[in-house]
Amino acid sequence: MIKKIMLYIAIAVFLISAAPVLARTTTNATSTRLEKMQERRERLAEYRIRNIRRFFGNMSRRIEAAIRRLERLAERIESRIEKMKEEGKDVSVAETELAEARVKINEAISALEDAKAGLKAALASDTPKEAFVKVREGLVKGVIEKIKAAHQALVEAIRALE
Amino acid sequence: MDHNKKIIIIIAVIVLGLAAVWFASKNWDMSGLDVTLLQYTSIGEFENMSTSDEIAAIEQDLNNTDFSDLGAELNSIEKEFNSGLAE
């Protein structure tokens, strides 16, 4: 009987002495898990940032190609205007439209640079989602709509030469 | 098949299994992610055109200019921004 009691006491002492160690182990496991979760979250954010940069780069290259196309079209229209002017024809409307197209092209170029800087800032921002709303607006209104307006002005210019 | 060969095959299978488990555990957090696939759209359509200053040629190139998908990536970019960069 005494032996049994001694055994119970020994077990109780062992458990009590082990309790802080167990608690520490549990705390360590929880903090490791939290660290891993945090690490995972950071990796996901990096992955998304990389993805955004690639998307944006792809879109920028296409916009720049579109702008180059408009510039080349404008040069060709200018060349035609000069030739027709030499022939004594009235090209004033075409000249006005061409000038307007060039203004829109320059505005689009400038807005694209702003959007590039805006994206960098948005990615570094504490509120990236909100910051991107402005970048998007700048791209749509400042770049894409200006490109379309420039194209329309070039169409009007060539019509005026017909 | 002799005994040694069997052991080598078993070891190889175990090593491959462990490698697969290691690879899966290393990459599991990227799986199941709703990451939008990149759509590489060509810029060739903007590069090809005539150099003539004849009205008909210019008009044709103007008509063949399509800017409808210039901002095609914007929705994908927005989706990525909304997917938790702010977390």
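From a predicted model like this one, the values you see are computed outputs, not experimental measurements.

A word on helix H2 (residues 92–124) of chain A. Between its first and last C-alpha atoms H2(A) spans 48 Å; for 33 residues at 1.5 Å apiece the expected length is 48 Å, and the two agree. Along H2(A), the residues that are buried comprise A:Ala94, A:Glu97, A:Leu98, A:Ala101, A:Ile105, A:Ala108, A:Ala111, A:Leu112, A:Ala115, A:Leu119, A:Ala122 and A:Leu123.

Of the residues lining the interface, 50 residues belong to chain A; the matching set on chain B comes to 50 residues. By the criterion of area lost to chain B, the three top residues of chain A are A:Arg62, A:Arg69 and A:Arg76, representing 19% of everything that side buries. Counting the contacts that link chain A with chain B gives eight salt bridges. One salt bridge in this structure joins B:Asp53 and A:Arg80, with 3.1 Å as the shortest N-O distance. When residues of the side of chain A that touches chain B are traced back to their parent elements, those giving at least two are helix H1 (2–86), H2 and helix H3 (128–161) of chain A. The element contributing the most residues to the side of chain A that touches chain B is H1(A), with 31 residues.

Taken over all residues, the pLDDT of chain B has a mean of 80, while the share at 70 or more is 75%. The ipTM, which scores confidence in the relative placement of chains, is 0.73 for this predicted complex, and the corresponding pTM is 0.71.

As a further point, take the nonpolar core. Ranked by size, the top nonpolar core spans 50 residues in total, and within it A:Ile63, A:Ile77, A:Leu139, A:Ile147, A:Leu154 and A:Leu161 carry the most contacts. Among the elements of the structure, H1, H2 and H3 of chain A together with helix H3 (55–63) and helix H4 (74–82) of chain B are those that each provide at least two residues to this core. The contact partners of A:Ile77, leaving out residues within four places of it in the chain, are A:Leu98, A:Leu154, A:Ala157, A:Ile158, A:Leu161 and B:Ile58.

The next subject is the pattern of salt bridges. What the rule picks out here adds up to 15 salt bridges over all chains. Of the charged contacts in the structure, one is a salt bridge between A:Glu95 and A:Lys85, with a shortest N-O distance of 2.7 Å. With A:Glu95 in helix H2 and A:Lys85 in helix H1, this pair connects stretches of sequence that are ten residues apart. By relative accessible area, A:Glu95 is classed as partly exposed at 31%. In this structure, A:Glu113 and A:Lys116 form a salt bridge, with 3.5 Å as the shortest nitrogen-oxygen distance. With A:Glu113 and A:Lys116 both in helix H2 and three residues apart, the pair spans about one turn of that helix. The exposure class assigned to A:Lys116 is partly exposed, which follows from its relative accessible area of 27%. Within this structure, A:Arg80, A:Lys83, B:Asp53 and B:Glu54 form a network of salt bridges that share partners.

All names here are of chain A. Positionally, Val91 belongs in the loop between H1 and H2. On the basis of relative accessibility, which here comes to 3%, the residue Val91 falls in the buried class. For Val91 and Ile77, which are 14 residues apart along the polypeptide, the C-alpha to C-alpha distance reads 11 Å.

Here the focus is the packing of H3(A) against H3(B). Helix-helix packing is characterised by the crossing angle of the two axes and by the distance between the axes. Close contact between H3(A) and H3(B) brings their axes to 10 Å; oriented N to C, the two are set at 155°. If you check the angle between H3(A) and H3(B), you find them roughly antiparallel. Our pair here, H3(A) against H3(B), has a crossing hand that is left-handed. On the side of H3(A), the interface is formed by A:His151, A:Leu154, A:Val155, A:Ile158 and A:Leu161, while H3(B) contributes B:Ile55, B:Ile58, B:Glu59 and B:Leu62.

Turning our attention to the packing of H2(A) against H3(A). All names here are of chain A. In the contact formed by H2 and H3, the axes pass within 8 Å of each other and the chain directions differ by 165°. Relative to H3, H2 is oriented roughly antiparallel. Of the two elements, H2 crosses H3, and the hand of that crossing is left-handed. Here the contact of H2 with H3 is composed, by residue class, of 25 nonpolar, three polar and five charged.

Definitions and limits used
- Residues numbered from 1 in each chain as written.
- Chains lettered and ligands numbered in written order.
- Predicted model: local features only at pLDDT ≥ 70, side-chain atom pairs only at ≥ 80, totals over all residues.
- Heavy atoms only, no water.
- Helix = DSSP H or I, 4+ residues; strand = E, 2+ residues; numbered from the N terminus.
- Expected span 1.5 Å × (residues − 1).
- Buried < 20%, exposed > 50% of the residue type's maximum accessible area, 1.4 Å probe, protein only.
- Contact = heavy atoms within 4.5 Å.
- Buried area = accessible area lost by both parts, 1.4 Å probe.
- Salt bridge = Lys/Arg side-chain N within 4 Å of Asp/Glu carboxyl O.
- pLDDT = per-residue confidence, 0-100.
- Core = buried A, V, L, I, M, F, W, Y, C linked by side-chain atoms within 4.5 Å.
- Axes fitted to C-alpha atoms, helices over the stretch in contact; angles between N-to-C directions.
- Parallel < 35°, antiparallel > 145°, perpendicular 65-115°, else oblique.
- Left-handed = near helix turned anticlockwise from the far one by under 90°.
- Nonpolar A, V, L, I, M, F, W, Y, C, P; charged D, E, K, R; others polar.

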